[in-house]
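Read off the chains here:
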Amino acid sequence: MLSGHEEKDRRFATTLARGLQVLRAFRASDDGLGNQEISQRTGIPKSTVSRLTFTLQQLGYLSHARRHDRYRFGPAALALGNIASASVSFIEAANPMMQQLADETGTLALLAVLDENKMLLTKTWRPQGAPAIWLEVGHRIPITGSSSGHAYLASVTDHEFAQVCERVHGRDDSIGAEALQAARNAGYSQLLAQGFVIVDEDKRYAENINAVSTGFRSHDFGEPVAISCGATPDMLSYERMQNEVGPKLRDRVKELERALGLPSVLINRG
């Protein structure tokens, strides 16, 4: 859903924003989506969704092979995704490091960015030979109940944090600045003390996921991202997060920073 502030800003192109919302509704595990499903995921009326999907199909961003088939990403979307991946320079350097980390720890390593009021998974590294793990690119997780969210909030500057509060509250008025500030403070204390973040069990958004995260800032983005390792609690206990996986994640991200000539994410916080 679009915030009221955005829709009232004369510079804001609402139709374009809703078209992008349609594209962001798709997940890697989807076997196509119909207009009704897209409407449910985005909150956009089905009649509007129908016009948007038709337009996106005509432009090549969605494909619709048969009259009653479901929409899937088209060639224009694939080309755009490849261009975006190629333009993010740190991913190439991160790939072997993060894949090795995933293999060593048996966890899913992932990259998450802030997307509206949640953290969006944009890249994952799955451990070799491991069964399918629940999280995938396109999955969105709460910002205040996840280690990714806490690590991200702990890594932003004061100016960026004010903008985050506005962005998040504009889409979910149940998340106030106090909750975001509490998550930021908790994450910062852990990043400063040990270099990684673990959310207290009673504050986690899901009981079946354990994750440890840290922040990272590259020249490619105007704000930090979160890099995490996650798995089910039987595979990734608190003790493993604290004593093994967390330190390995911290050290691997520091290695990535050194390889790219980047300072620690906390140096720019203030």
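Details of the structure are given in the entry above.
Residues numbered from 1 in each chain as written. Predicted model: local features only at pLDDT ≥ 70, side-chain atom pairs only at ≥ 80, totals over all residues. Heavy atoms only, no water.

In terms of regular secondary structure, the protein chain is built from ten helices and seven strands. For a compact globule of 270 residues, the expected C-alpha radius of gyration is about 18 Å, and the protein chain comes in at 19 Å, within 12% of that figure. Structurally, the protein chain occupies a C-alpha span of about 55 × 45 × 35 Å along its principal axes. The buried share of the protein chain, taken over its 270 residues, is 46%. Accessible area for the protein chain stands at about 13800 Å²; split by element, carbon and sulfur atoms hold 52% of it. Looking at charge distribution, the protein chain has the averaged site of its 30 positive side-chain charges lying 6 Å from that of its 31 negative ones. (Helix = DSSP H or I, 4+ residues; strand = E, 2+ residues; numbered from the N terminus. Rg over C-alpha atoms; globule rule 2.2 N^0.38 Å. Buried < 20%, exposed > 50% of the residue type's maximum accessible area, 1.4 Å probe, protein only. Areas by Shrake-Rupley, 256 points an atom, 1.4 Å probe, with all protein chains shown as cover. Lys, Arg positive; Asp, Glu negative; His and termini not counted. Charge placed at Lys NZ, Arg CZ, Asp CG, Glu CD.)

The next thing to look at is unusual backbone geometry. Glycine aside, residues mostly have negative phi, and peptide bonds are mostly found in the trans state. With a phi close to 55°, E116 is a non-glycine residue in the positive phi region. Relative to the elements of secondary structure, E116 occurs in the loop between β3 (108-115) and β4 (118-125).

With that settled, consider the packing of helix α7 (residues 147-155) against helix α9 (residues 177-194). Two numbers describe a pair of packed helices, the interaxial angle and the distance between the axes. It is at 7 Å that the axes of α7 and α9 come closest, and there the two elements cross at 85°. Taken as axis vectors, α7 and α9 run roughly perpendicular relative to one another. Contacts between α7 and α9 involve H150, A151, L153, A154 and S155 from the former and L180, A183, R184, A186, G187, Y188 and L191 from the latter. For the contact of α7 with α9, a count of residues per class yields eight nonpolar, three polar and one charged. (Axes fitted to C-alpha atoms, helices over the stretch in contact; angles between N-to-C directions. Parallel < 35°, antiparallel > 145°, perpendicular 65-115°, else oblique. Contact = heavy atoms within 4.5 Å. Nonpolar A, V, L, I, M, F, W, Y, C, P; charged D, E, K, R; others polar.)

Here the focus is empty space enclosed by the protein. If you walk through the whole model with that rule in mind, you get one cavity of 30 Å³ or more. In this structure, the largest cavity occupies an estimated 150 Å³ of space. If you trace the largest cavity, you find 16 residues lining it, with S146, S147, Y205, I209 and A211 closest to the centre. If you list the elements that add at least two residues to the lining of the largest cavity, you get α7, β6 (210-216) and β7 (225-231). Looking at the lining of the largest cavity residue by residue, the class counts come to eight nonpolar, seven polar and one charged. (1 Å grid on protein atoms, 1.4 Å probe; cavity = no way out; pocket = protein on both sides within 12 Å on 5 of 7 lines; lining within 4 Å. Points joined across faces, edges and corners; volume = space filled by probe spheres on them.)

This brings us to the sheet that holds β3. Taken in spatial order, the five strands line up as β5-β4-β3-β7-β6 in an open sheet, and their pairing is antiparallel. The open sheet has two free edges, formed respectively by β5 (140-142) and β6, since each of these has just one partner strand. On average, each strand axis in the sheet is tilted by 35° relative to the strand beside it, whichever way the strands run. Examined bridge by bridge, β3 and β4 share seven bridges and lie antiparallel to one another. (Pairing = 2+ DSSP bridges.)

On the secondary structure map, S155 appears in helix α7. Of note is the side chain of S155, whose polar atom sits 2.7 Å from the backbone oxygen of A151. (Polar contact = N/O pair within 3.5 Å; in protein donor to acceptor, adjacent residues only side chain to side chain.)

Time to look at the environment of E160. Along the chain, the position of E160 falls in helix α8 (residues 158-171). Overall, E160 belongs to the buried group, its relative accessible area being 12%. With 28 residues separating them along the chain, E160 and Y188 place their C-alpha atoms 15 Å apart. When near neighbours in sequence (up to four residues on either side) are disregarded, E160 contacts R217, G222, E223 and P224. Within the local environment of E160, its side chain forms a polar contact with the side chain of R217, the two groups lying 2.8 Å apart.

What follows covers the pairing of β4. Moving residue by residue along a regular strand, the side chains alternate between the two faces of the sheet. In this antiparallel pair of consecutive strands, β3 and β4, the connection spans two residues, and E116 shows a positive phi of 55°. Bridge analysis of β4 against β5 gives three bridges, and the strand direction is antiparallel. Among the inter-strand pairings, M119 is bridged to a residue of β5, identified as I141.

Attention now goes to the packing of aromatic side chains. Tallied over the full model, the rule gives three aromatic pairs. When the ring of F26 is compared with that of F73, the centres are 5.1 Å apart and the planes differ by 35°; the resulting orientation is tilted. Here F26, found in the loop between α2 (14-24) and α3 (35-42), pairs with F73, found in strand β2 (residues 72-73); they are 47 residues apart in sequence, far enough to count as distant. What makes F73 partly exposed here is its relative accessible area of 38%. On the numbers, 5.1 Å between centres and 55° between planes, the contact of F90 with F216 is tilted. With F90 in helix α6 (residues 89-105) and F216 in strand β6, the pair connects residues that are 126 residues apart, well separated along the chain. Note on accessibility: F90 and F216 belong to one class, buried. Following the ring pairs from residue to residue traces out a cluster consisting of F90, F216 and F221. (Phe/Tyr/Trp six-rings, centres within 6.5 Å; stacked < 30°, edge-to-face > 60°.)

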